[in-house]
Amino acid sequence: MSLETITSLGWQALQFSLIYVLLIIVIAVMKAFRIDKAKVLLVASIKMTVQLILAGILLTYIFQYPHPAFTVLYLLAMLGFAIYTVWKRNPNLNRRFHLVIAASMSVSSIFIIVFFIALVVRENVLNPQYAIPLYGMVVGNSMTGVTLGLKTFQDVTAGQTKRINALLCFGAGPREILFPFVKQSLETAMVPTINSMIGMGIVFLPGMMTGQILAGALPMTAIFYQIAIMIAITTVVTCACFGSLYFGFQTLFDKDTQIIRLPSVEAES
């Protein structure tokens, strides 16, 4: 990296550092309403800044010296972090449920990104310029959707162990009992993505499209990319959530169709 480039980046960093002044407004609102989250906000801002700067340095190197191995390692790191985040937020799920989540997120996100880059963009699947940012959007939304779906599933099944066991005793099957909860959870997980699609282009301009326009791309080209990536995101969120919930809830029963343990069992009194 040349001295001129380093100097330019330094001035940009100084210029964009002014945005942190806006956090004063957020902290002021928190103080006014006695929301004790100012420290959390500051820590989150610092972590975000450090993580993004490190990612920027790493991506600069990968883009300058592109190699399939570097791209694969970076994609696996993103996928691993996304899966770990979902696991961490749902520690009371059993081991098989966790494995189902990992498989669902992995298969759906990898299939969608390969389809998107190879057939829609028509580029090398391991081209870091396309693979890394696009996969980040896909797997990031997958992580959010699965987390929301699992939270909903645990909320709606909270306190239902006795009722479900009673239904089992009366001959009801496990799929028949829990499938309505799975359906409700999947629907809830899909709502934010669908709402984003509804308001896109009228209520707000999405990040990918805005970034491309700021980088000098033609607005129509940016629009085509945004339409494609939103459909890809909707598909991966749906598939990852469906796989996690549909195959995951079946790990809650043993061979005799008796409940082993509902994930929300701790919520019962």
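Residues numbered from 1 in each chain as written. Predicted model: local features only at pLDDT ≥ 70, side-chain atom pairs only at ≥ 80, totals over all residues. Heavy atoms only, no water.

A few words now on the packing of helix H6 (residues 128-157) against helix H8 (residues 174-199). The relative placement of two packed helices comes down to the angle between their axes together with the axis-to-axis distance. Where H6 meets H8, the axes come as close as 8 Å, and the angle between the chain directions of the two elements is 140°. For the element pair H6 / H8, the angle class is oblique. Handedness of the H6/H8 crossing: right-handed. Residues Gly145, Leu148, Gly149, Thr152, Phe153, Val156 and Thr157 of H6 lie in contact with H8, whose contacting residues are Leu178, Phe181, Val182, Gln184, Ser185, Thr188, Ala189 and Pro192. (Axes fitted to C-alpha atoms, helices over the stretch in contact; angles between N-to-C directions. Helix = DSSP H or I, 4+ residues; strand = E, 2+ residues; numbered from the N terminus. Parallel < 35°, antiparallel > 145°, perpendicular 65-115°, else oblique. Left-handed = near helix turned anticlockwise from the far one by under 90°. Contact = heavy atoms within 4.5 Å.)

Taken as a whole and judged by the stated rule, the model has eight aromatic pairs. Aromatic side chains Tyr61 and Tyr65 sit 5.0 Å apart centroid to centroid with 45° between the ring planes, which places their arrangement in the tilted category. For the ring pair Tyr246 and Phe249, a centre distance of 6.0 Å and an interplane angle of 70° mean the geometry is edge-to-face. Classification of Tyr246 as buried rests on a relative accessible area of 19%. Put simply, the rings of Phe179, Phe242, Tyr246, Phe247 and Phe249 touch in pairs and so form one group of aromatic residues. (Phe/Tyr/Trp six-rings, centres within 6.5 Å; stacked < 30°, edge-to-face > 60°. Buried < 20%, exposed > 50% of the residue type's maximum accessible area, 1.4 Å probe, protein only.)

Attention shifts here to the side chain of Thr234. Mapped onto the elements of the fold, Thr234 is located in helix H10 (residues 219-248). Excluding its chain neighbours within four sequence positions, the residues that come into contact with Thr234 are Thr193 and Met197.

Moving on, we get to a nonpolar patch on the surface. Residues Ile19, Tyr20, Leu22, Ile25, Val29, Phe33, Ile35, Met48 and Leu52 make up a contiguous nonpolar surface patch of roughly 920 Å² in combined accessible area. Mapped by element, the contributors of at least two residues to the nonpolar patch are helix H2 (23-32) and helix H3 (38-64). Here Ile25 is to be found in helix H2. (Patch = residues over 30% accessible without salt bridge, like charges linked within 9 Å, V, L, I, M, F, W, Y side chains within 5 Å. Areas by Shrake-Rupley, 256 points an atom, 1.4 Å probe, with all protein chains shown as cover. Salt bridge = Lys/Arg side-chain N within 4 Å of Asp/Glu carboxyl O.)

Its 27 residues give helix H5 (residues 95-121) an end-to-end C-alpha distance of 37 Å, which sits within 8% of 39 Å, the value for a rise of 1.5 Å per residue. Here H5 starts with a cap whose side-chain oxygen sits 3.1 Å from the backbone nitrogen of Arg96, and that cap is Asn94. Two residues or fewer after H5 comes Arg122, characterised by a positive phi angle close to 60°. (Expected span 1.5 Å × (residues − 1). Polar contact = N/O pair within 3.5 Å; in protein donor to acceptor, adjacent residues only side chain to side chain.)

Turning our attention to the layout of surface pockets. For the largest pocket, the calculated volume is near 990 Å³. Together, 22 residues line the largest pocket, and Gln51, Leu52, Ala55, Leu59 and Tyr74 are the ones closest to its centre. Elements that contribute at least two residues to the lining of the largest pocket include exactly H3, helix H4 (68-89), H6 and helix H9 (207-214). Looking at the lining of the largest pocket, the element that brings in the most residues is H3, giving eight residues. Among the residues making up the lining of the largest pocket, the classes are represented as 16 nonpolar, six polar and no charged. Surrounding the second largest pocket, Leu9, Gln12, Ala13, Phe16, Ser17, Ile19, Tyr20, Met48, Thr49, Leu52, Ile53 and Ile57 form its lining. Looking at the lining of the second largest pocket, the elements that each hand over two or more residues are helix H1 (3-16) and H3. Counting residues per element, the lining of the second largest pocket draws most heavily on H3, which supplies five residues. (1 Å grid on protein atoms, 1.4 Å probe; cavity = no way out; pocket = protein on both sides within 12 Å on 5 of 7 lines; lining within 4 Å. Points joined across faces, edges and corners; volume = space filled by probe spheres on them. Nonpolar A, V, L, I, M, F, W, Y, C, P; charged D, E, K, R; others polar.)

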